Amino acid sequence: MSVYFQGTKDDEALASIEILQKWRDSGIAAATKQLRLIQETQPKFTSCPLYKELELRLSGKPGPRVLVDGVWFCRAYGGITRVWDQILSCWSLEGMVSDAAPVCVIERGNHRFNIDSFQKVNGKFADPLDSRAVLELATENAFFVSDWNADVFVSSWISTSGPKSPSCSEIALVHDCLPERFQAPPLLKNLRNRWLRGASAHLAVSAATADDLEKLLGKYSGSIPWCHLAPTPTFANSAVFAEENETWRILKRHSGIAAPYVLLPATSAIGSYKNPELLLEALSAPGLEQIQLIVSGIGAEIRQKEFEDFAPALKGRILAAGFTDSELSLVYQNALAVIIPSRIEGFGLPVIEALASKALVLVADSRGLVEAGGKACLRFSADKPKELVQLLQLILDRETWRGFDQVLIRRRNQRLSGLSSDLLGLCLLAAIRSLASGR
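We now turn to the structure provided with this report. For clarity, every value in this text was computed on a predicted model and none was experimentally measured.

## Quick word on the overall build of the chain
Item 1. A count of helical and extended segments in the chain gives 19 helices and 14 strands.
Item 2. Taken against the 2.2 N^0.38 rule, which gives 22 Å for 439 residues, the C-alpha radius of gyration of the chain at 22 Å falls within 12% of a compact globule.
Item 3. Along the longest, intermediate and shortest principal axes, the C-alpha atoms of the chain span 65 × 55 × 40 Å.
Item 4. When burial is assessed residue by residue, the chain has 55% of its 439 residues classed as buried.
Item 5. Across the chain, contacts joining residues at least 24 apart in sequence account for 69% of those joining residues at least 6 apart.
Item 6. Of the accessible surface of the chain, which amounts to about 18,500 Å², a share of 51% is contributed by carbon and sulfur atoms.
Item 7. Placing the 48 positive and 48 negative side-chain charges of the chain at their respective mean positions leaves the two points 3 Å apart.

## Quick word on the sheet that holds strand 11 (residues 318-321)
Hydrogen bonding along the main chain pairs the strands of a sheet, whether they run parallel or antiparallel.
Item 1. Here 6 strands make up an open sheet; going across it, the order is 11-10-9-12-13-14 and the pairing parallel. Each end of this open sheet is capped by a strand with a single partner; those strands are strand 11 and strand 14 (378-380). Taking each pair of neighbouring strands and ignoring which way they run, the sheet shows an average axis angle of 25°.
Item 2. Bridge analysis of strand 13 (residues 361-364) against strand 14 gives 3 bridges, and the strand direction is parallel. Residue pairing in the sheet places Val363 in a bridge with Arg379 of strand 14.

## Some thoughts on the packing of aromatic side chains
Item 1. Tallied over the full model, the rule gives 10 aromatic pairs.
Item 2. Plain terms: the ring middles of Phe182 and Tyr273 are 5.8 Å apart, the flat faces sit at 25° to each other, and that makes the pair stacked. Of the two residues, Phe182 is situated in the loop between helix 7 (178-181) and helix 8 (186-198) and Tyr273 in the loop between strand 9 (261-264) and helix 12 (276-283); the sequence distance between them amounts to 91 residues.
Item 3. Taken together through their ring pairs, the aromatic side chains of Phe73, Trp84 and Phe113 make up a single cluster.
Item 4. Against the face of Trp72 rests Arg75, its NZ or CZ located 5.8 Å from the ring centre.

## Comments concerning the environment of Leu283
Item 1. Considering the arrangement of structural elements, one finds Leu283 in helix 12.
Item 2. For Leu283, a relative accessible area of 0% corresponds to the buried category.
Item 3. Taking the C-alpha atoms as reference, Leu283 lies 13 Å from Val295; in sequence the two are 12 residues apart.
Item 4. Not counting residues up to four positions away in its chain, the partners in contact with Leu283 are Val262, Leu288, Ile291, Leu293, Leu314, Arg317 and Leu392.

## A look at the pairing of strand 2 (residues 66-69)
Item 1. Judged by which residues are buried, strand 2 turns out to be covered on both faces: Val66 and Val68 on one side and Leu67 and Asp69 on the other are all buried.
Item 2. As judged from the 4 bridges shared by strand 2 and strand 3 (residues 103-107), these two strands associate in the parallel manner. Within the sheet, the bridge partner assigned to Val66 lies in strand 3 and is Val103.
Item 3. Traced from strand 2 through helix 4 (residues 79-91) to strand 3, the parallel crossover comes out right-handed.

Calculation criteria
Residues numbered from 1 in each chain as written. Predicted model: local features only at pLDDT ≥ 70, side-chain atom pairs only at ≥ 80, totals over all residues. Heavy atoms only, no water. Helix = DSSP H or I, 4+ residues; strand = E, 2+ residues; numbered from the N terminus. Rg over C-alpha atoms; globule rule 2.2 N^0.38 Å. Buried < 20%, exposed > 50% of the residue type's maximum accessible area, 1.4 Å probe, protein only. Contact = heavy atoms within 4.5 Å. Areas by Shrake-Rupley, 256 points an atom, 1.4 Å probe, with all protein chains shown as cover. Lys, Arg positive; Asp, Glu negative; His and termini not counted. Charge placed at Lys NZ, Arg CZ, Asp CG, Glu CD. Pairing = 2+ DSSP bridges. Axes fitted to C-alpha atoms, helices over the stretch in contact; angles between N-to-C directions. Phe/Tyr/Trp six-rings, centres within 6.5 Å; stacked < 30°, edge-to-face > 60°. Lys NZ or Arg CZ within 6 Å of the ring centre and 35° of its normal. Right-handed = clockwise from strand over helix to strand, strands pointing away.

Below, the structure written as structure tokens:
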């Protein structure tokens, strides 16, 4: 299941996806026709809050006035950026947002997103990772709430609608609760506490994050809705490239990629929750000397030296590189395996993106990664590098591996079939309406 929204069932989520896809491919009239068809053939679906939201949006009915803090929009990369990519893309569908149901974005230095479909107000720039700077935005946010007459304030990162208490209803879009699980600086901890506890409602990107929130806030199990992200079309569409494709040959030549290789798509320090040391220990094992390790993401060059110091056997075998999304999809697709050894994640979006690129994905048996990959990924214990060694040895034995490969392909297709890049945006709109109406 890719969504839990106020009891939404699998078939109801899939019906919502069908309507959203019609809307994206063919416009409002086609989406309305699909909605009516589902209403006639599956009348029970009409009680689903996602259906109700689609019906209201397609018919142009009034909706809450939504004020979005764009404090994160200056960040061109990262999981929260991917979240907003999908939400804003959904909200930009013709008619999804209207004068009767408006969205206003507080623009604070936007380096990635197309927000031309929405109303805008210019706010003060703040680096979202600078807690002091974000704290100082609260008074300005309260002014915007009052001036624009907002019903609901939306933030995905510790910014709030008032310095001490909310100036309107707030909904927190929560990517993970990692700062609450680990040692966080006092100011960040206090800001997140105000953000999470001051919010009138929450929407999480995974069941694991929703569970964390419920425990943190003392709410009953299943009370906080969640919705999985989907791979962006870049990853699904570029997977048609084959090994002999000229783009791939050029990329290999210019970057220094050499097969066979494995990819670590998100780097972090030795000893962090990302757990890169497990992968380094596994690749140092005898018999795996032929495998190159590619590390990607922010700070990859710094991590390359740190990793070589930790695992001297890998000197000369680690390549630090940065890729565009289309290049990354090719790197995913042609890897021996994409390996994600994290001890914990809120939701492993790189797992989904790699699967969409037709990659073989190996993940640690941590809950966020297991939730993301379902049965489509091979798993290893987060504290047992020998298990990863055994999996890599199996994959290198092409004759033995061939039967396993076909099973995983079927599971991968099944996992991806229930995901939509527009579903999270719809869930957020439904959550906002529920909050504004007091339900």
